[in-house]
Amino acid sequence: MNCSRRGLLQASLALGAWPSFAALAAPTSGWTMPDEHAPQRSVTLAFGAKASIWGPWTVDVQDAVGRLARAMAPFQPVTVLCRASQLALAQKKCGMQNTRYVISPLDDIWVRDTGGLFVVNGQAGGLGTVDLNFNGWGGKQAHANDAKVAATLSRDSDSTWMRSALVGEGGGIEVDGAGTAILCESSWVNPNRNPGWSRDDIEAELKWQLGLRKIIWLPGIRGKDITDAHVDFYARFVRPGVVIANLDNDPKSYDYAVTRTHLEILQSATDADGRLLEIHTLPPPLHPRKNKFTSGNPDFAPGYVNYITLNGAVLLPEFGDRAADQYAQNLLRRLFPGRVVVPVNIDAIAAGGGGIHCVTLQEPFC
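Residues numbered from 1 in each chain as written. Predicted model: local features only at pLDDT ≥ 70, side-chain atom pairs only at ≥ 80, totals over all residues. Heavy atoms only, no water.

Things to note about the overall build of the protein chain
No. 1: What the protein chain contains, in helices and strands, is 12 helices and 17 strands.
No. 2: Based on the C-alpha atoms only, the size of the protein chain along its principal axes is roughly 55 × 50 × 40 Å.
No. 3: Per-residue burial for the protein chain yields a buried fraction of 59% across its 366 residues.
No. 4: Relative to all contacts within the protein chain whose residues are 6 or more apart in sequence, the contacts with residues 24 or more apart total 73%.
No. 5: Carbon and sulfur atoms form 55% of the exposed surface of the protein chain, whose accessible area is close to 13,900 Å². (Helix = DSSP H or I, 4+ residues; strand = E, 2+ residues; numbered from the N terminus. Buried < 20%, exposed > 50% of the residue type's maximum accessible area, 1.4 Å probe, protein only. Contact = heavy atoms within 4.5 Å. Areas by Shrake-Rupley, 256 points an atom, 1.4 Å probe, with all protein chains shown as cover.)

Shown next as structure tokens:
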């Protein structure tokens, strides 16, 4: 069994040990983070909404997670993490078609951030999980249970578990599967995650752990949302050399200026193979529907860029802005030919600052 330079053998989990950095395994190589648009073995959701975080919206969030599970199940196997006490409720909301349930303590629903990064070993074969030491986005939320979700998923997927020396979240990294990544400095080069680490330090570690050759850095923006600006709300690879970029057209939005800065950087950037990027812009809706989730809620996050691809499908949010919804659906149909585009109402999830990509995690074939 292989493990990373700063990780420990997954076997330590079987002994009930939560590893420390004092006993580090020997260096290995060959792990790469694959393109998430490639064929997938399954996709995971966390049925973890609770009233202490979501308050009166808890049931609405559970319903939205259930809608996503039912929308995904026709395309590939779905895994739902849930608390033992909520198994029956999760099954009722999420359904049983092509869906299995894994009991796990949970704090919340953001499995993209808590579940680690799946990697594959092209040299030795096999699947790995890089645990990014989830710390509640810099200590902003209770996370004792969610900090162990990556290890839980590693056991469930029978993958090699590798604990990173970095603190980060899965929504904070976007890769093309061919050696290029896009990251926001605001969520990585941040003392609430990685005190004392320079951008160069972080870049070197991620390149080594994930098989990357080039990282394109966007500034992001600190303190405006709980994540300190995850890249999966700003820029996504369609395939190597092709990127969808968020371009906020609301001058009152704090993202108005930063998305234009990001666009300038991306338009002049090259990938790991030296190609200029082909950029497609995807604006958020200017007129999302009015309801209890959107009205007077500064955390509401109406972004289409936070879509997810499945085997044969693309799931994206719809926000009730007919022109904007249609534009987003048409663009994704054009950029992902052969996939069915499935719009889903996730207003309750967006009310907490996240989207479809944030609450899902694909497991690749290896």
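Structural notes on the confidence of the model for the protein chain
It should be kept in mind that the predicted coordinates are not to be read in detail where pLDDT is low.
No. 1: Residues of the protein chain with pLDDT of at least 70 account for 92%, and the chain-wide mean is 92.
No. 2: Note that pLDDT drops below 50 for residues 1–29; the model gives that stretch 77 contacts with residues more than four away or on any other chain. (pLDDT = per-residue confidence, 0-100.)

Focus on unusual backbone geometry
Glycine aside, a negative phi is what most residues show, and trans is what most peptide bonds show.
No. 1: The backbone of D228 shows a phi angle near 60 degrees, a positive value even though the residue is not glycine.
No. 2: Here D228 lies in the loop between β10 (214–218) and β11 (235–239).
No. 3: Taking relative accessible area as the criterion, D228 reaches 3% and is therefore assigned buried.

Here we look at the environment of P285
No. 1: Turning to its location among the elements, P285 is positioned in the loop between β13 (278–282) and β14 (308–310).
No. 2: The class for P285 is buried, based on a relative accessible area of 7%.
No. 3: Considering only alpha carbons, one finds P285 and H230, 55 residues apart in sequence, at a separation of 19 Å.
No. 4: Ignoring sequence-local partners within four residues, the contact set of P285 consists of P302, Y304, F319, D321 and A324.

A short note on the sheet that holds strand β15 (residues 313–317)
No. 1: With respect to topology, 3 strands assemble into an open sheet ordered β14-β15-β16, the strand pairing being mixed. Looking along the sheet, the strands with just one partner apiece sit at the ends: β14 and β16 (340–344). Recorded for the sheet is a direction-independent mean angle of 25 degrees between the axes of neighbouring strands. (Pairing = 2+ DSSP bridges. Axes fitted to C-alpha atoms, helices over the stretch in contact; angles between N-to-C directions.)

Digging into the sheet that holds strand β5 (residues 117–121)
No. 1: One open sheet accounts for 4 strands, arranged β1-β5-β6-β7; its pairing is mixed. Only two strands of the sheet have a single neighbouring strand rather than two, namely β1 (31–32) and β7 (160–163).
No. 2: Sheet topology note: the β5/strand β6 (residues 127–131) ladder contains 4 bridges and is antiparallel. Looking at β6, one finds that F118 is bridged to T129.
No. 3: Across the sheet, helix α7 (residues 149–157) lies against β5, β6 and β7, angled at about 175 degrees from β6, the strand it touches most.

So, the side chain of N121
No. 1: As for its position among the elements, N121 is in strand β5.
No. 2: According to the relative accessible area criterion, N121 is buried, its value standing at 5%.

A closer look at the pattern of salt bridges
No. 1: Under the criterion given, the structure shown has 18 salt bridges.
No. 2: For R199, the salt bridge is made with E185, and the minimal N-O distance between the two is 2.8 Å. Residue R199 is found in helix α9 (residues 199–210), and its partner E185 is found in helix α8 (residues 185–188); the two are separated by 14 residues along the sequence.
No. 3: With relative accessibility at 34%, the residue R199 sits in the partly exposed group.
No. 4: As a salt-bridge pair, D273 and R275 come within 3.8 Å of each other at their nearest N and O atoms.
No. 5: The exposure class of R275 is partly exposed, given its relative accessible area of 36%.
No. 6: Each of E36, R112, E174 and R236 takes part in a single network of salt bridges with overlapping partners. (Salt bridge = Lys/Arg side-chain N within 4 Å of Asp/Glu carboxyl O.)

A few points about the nonpolar core
No. 1: Formed by 75 residues in total, the largest nonpolar core has its most connected members in L68, I182, L266, L315 and I349.
No. 2: Examining the composition of this core, we find that 7 residues originate from one element, helix α3 (residues 58–72), more than from any other.
No. 3: Those residues in contact with L266 that sit more than four places away from it in its chain are I182, I216, L218, A235, V243, A245, L277 and I279.
No. 4: Judged by nonpolar contacts, the second largest core, of 20 residues, contains L132, W188, I202 and L212. (Core = buried A, V, L, I, M, F, W, Y, C linked by side-chain atoms within 4.5 Å.)

Comments concerning α3
No. 1: Its 15 residues place the ends of α3 21 Å apart at the C-alpha level, agreeing with the 21 Å of an ideal helix rising 1.5 Å per residue.
No. 2: Looking only at α3, the buried set comprises T58, V61, Q62, A64, V65, G66, L68, A69, A71 and M72. (Expected span 1.5 Å × (residues − 1).)

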